[in-house]
Amino acid sequence: MLLKFTKMHGAGNDFVVIDLISQRARLRSRDIRKLADRHFGVGCDQVLLVEPPGSPEVDFRYRIFNADGGEVEQCGNGARCFARFVRDKKLTAKRDISVETAAGIIVLHVRENNQVEVNMGEPVFAPEQVPFEAPQQADCYAVDVAGTELELGVLSMGNPHAVHRVADTAALDLDHIGRQLESHPRFPQRVNAGFMQVVTANEINLRVYERGVGETLACGTGACAAVVYGLLRGWLSDTVTVNLPGGKLSISWAGSGQPVIMTGPTATVFEGTIRI
Ligand SMILES: N[C@@H](CCC[C@H](N)C(=O)O)C(=O)O
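Residues numbered from 1 in each chain as written. Predicted model: local features only at pLDDT ≥ 70, side-chain atom pairs only at ≥ 80, totals over all residues.

Asks: Is there a simple way to explain the overall build of the protein in this structure?
Replies: What the protein contains, in helices and strands, is 4 helices and 18 strands. The C-alpha atoms of the protein give a radius of gyration of 18 Å, which matches the 19 Å a tight globule of 276 residues would have. Referenced to the eigenvectors of the C-alpha coordinate spread, the extents of the protein come out at roughly 50 × 35 × 35 Å. Residue pairs at least 24 apart in sequence account for 65% of intrachain contacts in the protein once pairs closer than 6 positions are excluded. (Helix = DSSP H or I, 4+ residues; strand = E, 2+ residues; numbered from the N terminus. Rg over C-alpha atoms; globule rule 2.2 N^0.38 Å. Contact = placed C-beta atoms within 7 Å.)

Listed below in structure tokens is the structure:
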């Protein structure tokens, strides 16, 4: 079967986006892994599926698969590319687009300058909902990772995140520590592992070892999680520029009971067809 796709990225976090409204296909886990493979396929961190809505309350259904073939609940950079894609393909003319994800409904707003603002919903801290094994909820947790005790913020942005503050993100051996944290036994569904350096109260540097992928050039939900954790610890103010290896995101959070708002760029790289 020939499948049409679009290659996109948001701050370097790259995607193969597939329109399953205008074409029909059933993608198996091995098809996703092939699409994501940087040598034998197209290459991406995540495959995003654009599907018709399951209910009249929303405009589209948005499904996300990591490069390892596993379906996941949320992807922030992907959400921005999703909004750009459905407008470029004329699947909608709306600037406010509501989409159903495995983590609930999120709302995407396409600005005049093509930057997309996403209401990512409220962060969730209850350990059992992350999920994370802990006797009770706390602002931070001491977790032994490969023989080193790390102080971690743990929360869900629809998907699980652990965040650790470091003095210098450039000095990290992320492949080692990120891999160990991603599959730590206290995270039964594994975790996205973020390492943040506070530059000022309005700026951080962040590197993320993503669950099911490895280090990515940017992680939107990871940026949200880092800012939420930094704000709760009193290190950050309510609007923060997050410098990631592939670009910048702006994250705002007004505190408990409020949604996290993420703004950032999107880009289309090329379009193609692949035999699956
Ligand atoms: N790149 C993402 C997150 C993608 C999913 C993640 N790897 C997971 O397994 O939860 C983003 O921009 O948020």
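Here the narrative resumes, following the displayed structure.
Asks: Looking at this structure, I do not really get the site of the ligand. What am I missing?
Replies: Inspection of the region around the ligand gives 19 residues, with Asn77, Asn159, Arg211, Gly220 and Thr221 positioned closest. Elements with a minimum of two residues in the shell around the ligand: helix H2 (76–88) and helix H4 (220–232). With 3 residues, the top contributor of residues to the shell around the ligand is H2. For the shell around the ligand, the residue count by class is 4 nonpolar, 12 polar and 3 charged. Here the shell around the ligand gathers at least three residues from each of two domains, domain 1 (2–121 + 265–275) and domain 2 (127–258). (Near = placed C-beta within 6 Å. Nonpolar A, V, L, I, M, F, W, Y, C, P; charged D, E, K, R; others polar. Domains from an automatic or database assignment.)

Asks: I tried to follow the UniProt feature "binding site: substrate" (unreviewed entry) in the protein on my own but got confused; where do I start?
Replies: This chain's UniProt record puts "binding site: substrate" (unreviewed entry) on Asn13, Gln46, Asn66, Gly76, Asn77, Asn159, Asn192, Glu210, Arg211, Gly220 and Thr221. Positionally, Arg211 belongs in the loop between strand E13 (203–210) and strand E14 (214–216). On the neighbour-count criterion, Arg211 (24 C-beta atoms within 10 Å) is buried. Setting aside residues up to four positions removed in sequence, Arg211 forms contacts with Asn66, Glu182, Arg190, Val191 and Asn192. Within the element layout of this structure, Thr221 appears in helix H4. What makes Thr221 buried here is the crowd of 32 C-beta atoms within 10 Å. (UniProt positions renumbered as here; feature names shortened; annotations may be inferred. Buried ≥ 20, exposed ≤ 12 C-beta atoms within 10 Å, placed from the backbone.)

Asks: Sorry if this is basic, but what is going on with H4 here?
Replies: Each turn of an α-helix holds 3.6 residues, which means side chains three or four residues apart point in the same direction. The end-to-end C-alpha separation of H4 is 19 Å, in line with the 18 Å expected for 13 residues at 1.5 Å each. With respect to burial, H4 is a largely interior element, 12 of its 13 residues being buried. If you check which residues of H4 are buried, you get Gly220, Thr221, Gly222, Ala223, Cys224, Ala225, Ala226, Val227, Val228, Tyr229, Gly230 and Leu231. A positive phi of about 85° marks Gly234, the residue just after H4. (Expected span 1.5 Å × (residues − 1).)

Asks: I tried to follow the domain arrangement of the protein on my own but got confused; where do I start?
Replies: It is common to give the size of an interface as the accessible area lost on bringing the parts into contact. Here the protein is described as being made up of domain 1 (2–121 + 265–275) and domain 2 (127–258). Here the C-alpha centre of domain 2 lies 23 Å away from the C-alpha centre of domain 1. If you look at the interface, domain 1 gives 21 residues, while domain 2 gives 20 residues. Here the side of domain 1 that touches domain 2 is composed, by residue class, of 7 nonpolar, 11 polar and 3 charged.

Asks: Teacher, can you tell me more about the pairing of strand E12 (residues 192–200) here?
Replies: Every other side chain in a regular strand lies on the same face of the sheet, so the side chains alternate between the two faces. Alignment of strand E11 (residues 160–165) against E12, held across 5 bridges, turns out to be parallel. Looking at the pairing, Ala162 lines up with Ala193 of E12. Taken together, E11, helix H3 (residues 174–182) and E12 constitute a β-α-β crossover, and its handedness is right-handed. Both E12 and E13 contribute to a ladder of 7 bridges, which runs antiparallel. Each residue of the ladder has a partner; that of Met196, found in E13, is Leu206. Linking E12 to E13, which pair antiparallel, is a turn of 2 residues. (Pairing = 2+ DSSP bridges. Right-handed = clockwise from strand over helix to strand, strands pointing away.)

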